[in-house]
Amino acid sequence: MKKKRWLFLLPLICGGMLFGNSITIRAEEGINVGSFIISGGIKDTDYSYAGGILTILSSETLTIKNKDINTPATDRILVPEKVKANLVFAGVNIKTNSNSPFTLTPDSDGDGKGASAQIILADNTTNTLVSNSTYYPGLRSGKTTSLIIDDAIVNEDINGNAIIPELGRIPNDVTLSNGTKLNKGDRLTLLDSKNAGTLNVTGSNYAAGIGGGDGEDGGNITINGGVIKATGIGTGDGIENGGAGIGGGNYAAGGNIVINGGTITAQGAYHAAGIGGGYATRYASAPQPLTPAVVDAGTGKAKSGNITINGGLTYSNGGAHGDAFGDGCVGSTTTDQYKIIVTGGTIIPTAVSGRYDLGGSQADVFVLGGSLSASRFSSKGGAVAYGDMDKTTQVFMTKITLNSWGTDKVGTTLVDDMEMKINGINYNYGVPSYTDANGVLYFWLPDTNKGAEVSIDLDIIDKTTNTIVNTDTFFAKDVGNGSNTFLKQYINFDIGNENMPNGLITKRYNGLGLNDEESICIYD
């Protein structure tokens, strides 16, 4: 058992006389602070508590959990401007009626540097942030702030450098901070904990689940791991139902959103995107002032912001008037230009008729890898998505299915590795992380490859044995032409002629059975 370590600055006692009276306690096993138990740091140096607010004062790693995980706390957590917080959520449960449960303070002096935080979700824990305060999100990360959410396998090397994915793979040989060694080209999901913690976040009216409040663009939001559910509240058509699941609040753009790993489910409010922009309409009241103050309030106008998906499994559900990934409802023109980029991972969008799976009226959509079960795109250049960053090609879809491998392979199946060839030459396409629930992978190729010969070798993880299974090659001779979008598998099998009656195998071009000579050629 780990021994408790306490550091005391003891008063000096000499001859019955007391000199000094200060005591400082370093928390190694945790001390009670308001509604929370905090491990790490020094009270009033690394954090403080007053008036129901836990304020983070330094970059010292702090582990936070509720005293009673089953009862939502009304205390809230605040990271001041310029502070870079490093927090571990180990069972945090907050529901506020005033302000956000968790706030990153935006810039106030014009240098563009608001608060930042890395939140690690401890394994096998559930963490919940709910805002019941109108105009405020569940986890506030607005313009000029930075947020990273990760699981217990932190996406950093042993020197603390961030691991930046490369087409759904590990970019270089690397040793993680926990000592694990990974190789260049390994699947990105090796950075996902098998027992990842959960974070459930719900915003209030006019606000995102994770991101901006009323009139506030989303900040710089990166999700590297964890099981995340983010909800913009409101299914009715009232003007208050305008926050994205992840991204902007009412009258606001999505910000800069990057997904590298984890399992994410985002739900936009009625007028908002699942991931992206909020709602902007002349019928709504002007954005209300928030505390702390919003930067450039009301200027984002429901636009998508920048969205990059490199890995993970992401389900994004637009509201009735919002895209799955992209714009919210209405929105007037601004001068901002955005990009929505998919390089790897698995993306499952849901958008109602008339809205887009991935889209932005001031964005361009690029699909360079991953599995994306989409049917409707919108870029500045029209209802298209591009297959290269220079926008010289547009994409078309082809698919593969694991149905022939049996029911144990159908469902959300983990992809271990993949190799794609076009006309026999290796093609650098980003690796998906999982199949969809039907065992299907969706690939998007540049239209310059229509009619080409495409082959895909796929390795998956067997759900029962947890071993790697190498599937037979998926193949198409004339990809992109015709109505069937699925690549086929061709299986070799051996037959003997001793029990093979003549005529059992027929020739397609004339319907006749094989003669003796033809049978010998096949059997031999």
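Basis of the calculations
- Residues numbered from 1 in each chain as written.
- Predicted model: local features only at pLDDT ≥ 70, side-chain atom pairs only at ≥ 80, totals over all residues.
- Heavy atoms only, no water.
- Phe/Tyr/Trp six-rings, centres within 6.5 Å; stacked < 30°, edge-to-face > 60°.
- Helix = DSSP H or I, 4+ residues; strand = E, 2+ residues; numbered from the N terminus.
- Buried < 20%, exposed > 50% of the residue type's maximum accessible area, 1.4 Å probe, protein only.
- Lys NZ or Arg CZ within 6 Å of the ring centre and 35° of its normal.
- Pairing = 2+ DSSP bridges.
- 1 Å grid on protein atoms, 1.4 Å probe; cavity = no way out; pocket = protein on both sides within 12 Å on 5 of 7 lines; lining within 4 Å.
- Points joined across faces, edges and corners; volume = space filled by probe spheres on them.
- Nonpolar A, V, L, I, M, F, W, Y, C, P; charged D, E, K, R; others polar.
- Contact = heavy atoms within 4.5 Å.

**As for the packing of aromatic side chains**
Now for step 1: Applying the stated rule across the entire model yields 5 aromatic pairs.
Now for step 2: For the pair F377 and W444, a centre-to-centre distance of 5.0 Å together with 85° between the ring planes defines the contact as edge-to-face. One end of the pair, F377, is in strand 34 (residues 377-378); the other, W444, is in strand 38 (residues 440-446), and 67 residues separate them in sequence. The burial state of F377 is the same as that of W444; both residues are buried.
Now for step 3: A ring pair is formed by Y429 and F443, whose centres lie 5.6 Å apart and whose planes are at 75°; its orientation type is edge-to-face. With Y429 in the loop between strand 37 (425-427) and strand 38 and F443 in strand 38, this residue pair connects regions lying 14 residues apart in the sequence.
Now for step 4: Of the residues examined, Y429 reaches a relative accessible area of 3% and is grouped as buried.
Now for step 5: Lying over the aromatic face of F396, K450 brings its terminal NZ or CZ to 5.6 Å of the ring centre.

**Section: the sheet that holds strand 33 (residues 371-372)**
Now for step 1: As summarised here, the arrangement of the 8 strands in space is 10-13-18-21-24-27-30-33, forming an open sheet in which the pairing is parallel. Since the sheet does not close on itself, it has two edges, and those belong to strand 10 (93-96) and strand 33, each with one partner.
Now for step 2: When strand 21 (residues 227-231) meets strand 24 (residues 263-267), the two strands line up parallel, connected through 5 bridges. The residue of strand 24 that forms the bridge with T231 is Q267.

**Some remarks on empty space enclosed by the protein**
Now for step 1: Here the structure, examined in full by the defined rule, presents 2 cavities of 30 Å³ or more.
Now for step 2: The wall of the largest cavity is formed by G168, R187, L188, T189, N310, G311, G312, G345, V415, V431, P432 and S433.
Now for step 3: Each residue belonging to the lining of the largest cavity can be placed in one class, and the counts come to 4 nonpolar, 7 polar and 1 charged.

**Some points on the layout of surface pockets**
Now for step 1: By volume, the largest pocket amounts to about 520 Å³.
Now for step 2: In this structure, the largest pocket is lined by 19 residues; those nearest its centre are D192, S193, K194, L414 and Y434.
Now for step 3: Residue classes in the lining of the largest pocket are distributed as 8 nonpolar, 6 polar and 5 charged.

**Section: the pairing of strand 35 (residues 395-401)**
Now for step 1: In terms of burial, strand 35 is a largely internal element, 6 of the 7 residues being buried.
Now for step 2: Summarising the sheet, strand 35 and strand 38 pair through 7 bridges and their orientation is antiparallel. When the bridges of strand 38 are listed, I400 appears paired with L441.

**With respect to the environment of R76**
Now for step 1: Tracing the backbone shows R76 in strand 8 (residues 76-79).
Now for step 2: Measuring from C-alpha to C-alpha, the distance between R76 and G34 comes to 9.7 Å, with 42 residues separating the pair along the chain.
Now for step 3: Contacts of R76, omitting those with residues within four sequence positions, involve G52, I53, L54, T96, S98, N99, S100, P101 and T103.

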